[in-house]
Amino acid sequence: MSIKENLLVVTNTIPDTVTLVAVSKTKPMSFIQEAYDEGQRIFGENRVQEMTEKWQEMPKDIEWHMIGHLQRNKVKYMAEYVSLVHGVDSPRLLAEINKQAEKHNRIISCLLQVHIAEEDTKFGFNEEELLELVSTKEFKTYKHIKIVGLMGMATFTDNMDQVRREFKNLKDLYTKLKNNYTDFNILSMGMSGDYNIAIEEGSTMVRIGSSIFGSRN
Ligand SMILES: *Cc1c(COP(=O)(O)O)cnc(C)c1O
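- Within an unreviewed UniProt entry, the label attached to the chain reads Alanine racemase N-terminal domain-containing protein, and the organism entered is marine sediment metagenome.

Right, dumping it as structure tokens:
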């Protein structure tokens, strides 16, 4: 199937209230252009250099989301244009995003990444660390970032009960924080293999790559 057809299948299975991030990492700009021509405007990348090259070349009304693990020394290269950072997983990274955003006189929207998977390999805060972070003094002094919600990745497994349980936990935490942080309106969870479950469990933003652009090497 073509990108156009894949995109149609995906968008037809996502409610209007859920935002689609088309994950274009490793894929050429011609693929992005094809999705763009179908009306897709939000693209997700996991490497700053690749995203920046694409941002420079592609139409300027594209919103670029950084979805991968982010190193602090790379933040400066995307601070000018990135529209949402999904994977904020440390207080120091948050401080750096705030600092670089200030240089460009911007407020960068961020999601805090929560470790919901049983695997050790996925980055993110646990609940205790998250509640501690949002209660610190520094957190309140950051004027150039806006925390708009949470992001999480479920365990890579065929056990869909487990995946559902992990998404449910993230949704619960999101609801808990949303009561205190009025800026919270994004719960980023769900990828090609599990986005239907994620949506059933309350996702408001899905990050879908291979179901749209084909598998990656
Ligand atoms: C690559 C990636 C995705 C998309 O994965 P697919 O399985 O191709 O849909 C989503 N989220 C993150 C954080 C990723 O790194």
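Additional details are given in the paragraphs that follow.
### Considerations on the packing of helix α1 (residues 3-13) against helix α2 (residues 29-37)
Turning to step 1, where the next piece is worked out: Axis separation between α1 and α2 bottoms out at 9 Å; the angle between their running directions is 55°. What the angle tells us is that α1 and α2 run oblique. Once α1 is placed against α2, the crossing between them reads as right-handed. Packed against α1, whose contacting residues are Ile3, Lys4 and Leu7, the element α2 presents Phe31, Glu34 and Ala35 at the interface.

### Let's talk about the site of the ligand
Turning to step 1, where the next piece is worked out: In the neighbourhood of the ligand, the contacting residues comprise Val23, Lys25, Ile67, Met151, Met153, Met191, Ser192, Arg207, Ile208, Gly209, Ser210 and Arg216.
Turning to step 2, where the next piece is worked out: Between the ligand and Lys25, the relevant distance is 2.7 Å, taken from an oxygen atom to a side-chain nitrogen or oxygen of the residue.
Turning to step 3, where the next piece is worked out: One nitrogen or oxygen atom from the side chain of Ser192 is found 2.6 Å from an oxygen atom belonging to the ligand.
Turning to step 4, where the next piece is worked out: Contact with the protein chains hides 90% of the accessible area of the ligand, taken as 390 Å² for the molecule alone.

### Examining the packing of helix α6 (residues 127-135) against helix α8 (residues 160-178)
Between two packed helices, the angle of one axis relative to the other and the distance separating the axes together describe the packing.
Turning to step 1, where the next piece is worked out: One can describe the packing of α6 onto α8 by two numbers: an axis separation of 12 Å at closest approach and a directional angle of 20°. The pairing of α6 with α8 is recorded here as roughly parallel in orientation. The crossing of α6 and α8 is right-handed. From α6, Glu127, Leu130, Leu131 and Val134 reach across to α8, where they touch Leu173, Lys176 and Leu177.

### A closer look at the pairing of strand β2 (residues 42-45)
Turning to step 1, where the next piece is worked out: The two faces of β2 match: Ile42 and Gly44 on one face and Phe43 and Glu45 on the other face are all buried.
Turning to step 2, where the next piece is worked out: Relative to β2, strand β1 (residues 19-23) runs parallel, the two being bridged by 2 bridges. Bridged to Val23 within β2 is Gly44.
Turning to step 3, where the next piece is worked out: Inspection of the sheet shows β2 paired to strand β3 (residues 63-66) by 4 bridges, in the parallel sense. Looking across to β3, one finds that Phe43 is bridged to Trp64.
Turning to step 4, where the next piece is worked out: In this fold, β2 hands off to helix α3 (residues 48-57), which returns the chain to β3; that crossover is right-handed.

### Quick word on the UniProt feature "coiled-coil region" (unreviewed entry) in the chain
Turning to step 1, where the next piece is worked out: The sites that UniProt annotates as "coiled-coil region" (unreviewed entry) are residues 153-180.
Turning to step 2, where the next piece is worked out: Summarising residues 153-180: 68% helix, 0% strand, and an end-to-end C-alpha distance of 23 Å.

### Topic: the nonpolar core
Turning to step 1, where the next piece is worked out: If you look at the biggest cluster of nonpolar residues, it comprises 62 residues, and the most contacted ones within it are Val85, Leu94, Ile97, Leu112 and Leu150.
Turning to step 2, where the next piece is worked out: A total of 6 residues in this core trace back to one element, the largest contributor, which is α8.
Turning to step 3, where the next piece is worked out: Not counting residues up to four positions away in its chain, the partners in contact with Leu112 are His86, Val88, Leu94, Phe125, Leu130, Leu133, Val134, Ile147, Gly149, Leu150 and Met151.
Turning to step 4, where the next piece is worked out: By size, the runner-up hydrophobic cluster in this structure holds 8 residues, among which are Leu84, Leu111, Met151 and Met205.

### Thoughts on the side chain of Asp194
Turning to step 1, where the next piece is worked out: Residue position: Asp194 is located in the loop between β7 (186-188) and α9 (195-200).
Turning to step 2, where the next piece is worked out: The buried charged residue Asp194 lacks any salt bridge partner; its closest oppositely charged side chain belongs to Arg207, at an N-O distance of 6.6 Å.
Turning to step 3, where the next piece is worked out: Here the side chain of Asp194 touches Met191 through a polar contact of 2.6 Å, landing on its backbone nitrogen.
Turning to step 4, where the next piece is worked out: What Asp194 contacts, discounting residues up to four positions off in sequence, is Ala154, Val163 and Phe167.

### Topic: the side chain of Asn6
Turning to step 1, where the next piece is worked out: Residue position: Asn6 is located in helix α1.
Turning to step 2, where the next piece is worked out: What makes Asn6 buried here is its relative accessible area of 14%.
Turning to step 3, where the next piece is worked out: Residues within four places of Asn6 in sequence aside, it is in contact with Met1, Ser211 and Ile212.

What counts, and where the lines are drawn
- Residues numbered from 1 in each chain as written.
- Predicted model: local features only at pLDDT ≥ 70, side-chain atom pairs only at ≥ 80, totals over all residues.
- Heavy atoms only, no water.
- Axes fitted to C-alpha atoms, helices over the stretch in contact; angles between N-to-C directions.
- Helix = DSSP H or I, 4+ residues; strand = E, 2+ residues; numbered from the N terminus.
- Parallel < 35°, antiparallel > 145°, perpendicular 65-115°, else oblique.
- Left-handed = near helix turned anticlockwise from the far one by under 90°.
- Contact = heavy atoms within 4.5 Å.
- Near = heavy atom within 4 Å.
- Polar contact = N/O pair within 3.5 Å; in protein donor to acceptor, adjacent residues only side chain to side chain.
- Areas by Shrake-Rupley, 256 points an atom, 1.4 Å probe, with all protein chains shown as cover.
- Buried < 20%, exposed > 50% of the residue type's maximum accessible area, 1.4 Å probe, protein only.
- Pairing = 2+ DSSP bridges.
- Right-handed = clockwise from strand over helix to strand, strands pointing away.
- UniProt positions renumbered as here; feature names shortened; annotations may be inferred.
- Core = buried A, V, L, I, M, F, W, Y, C linked by side-chain atoms within 4.5 Å.
- Lys, Arg positive; Asp, Glu negative; His and termini not counted.
- Salt bridge = Lys/Arg side-chain N within 4 Å of Asp/Glu carboxyl O.

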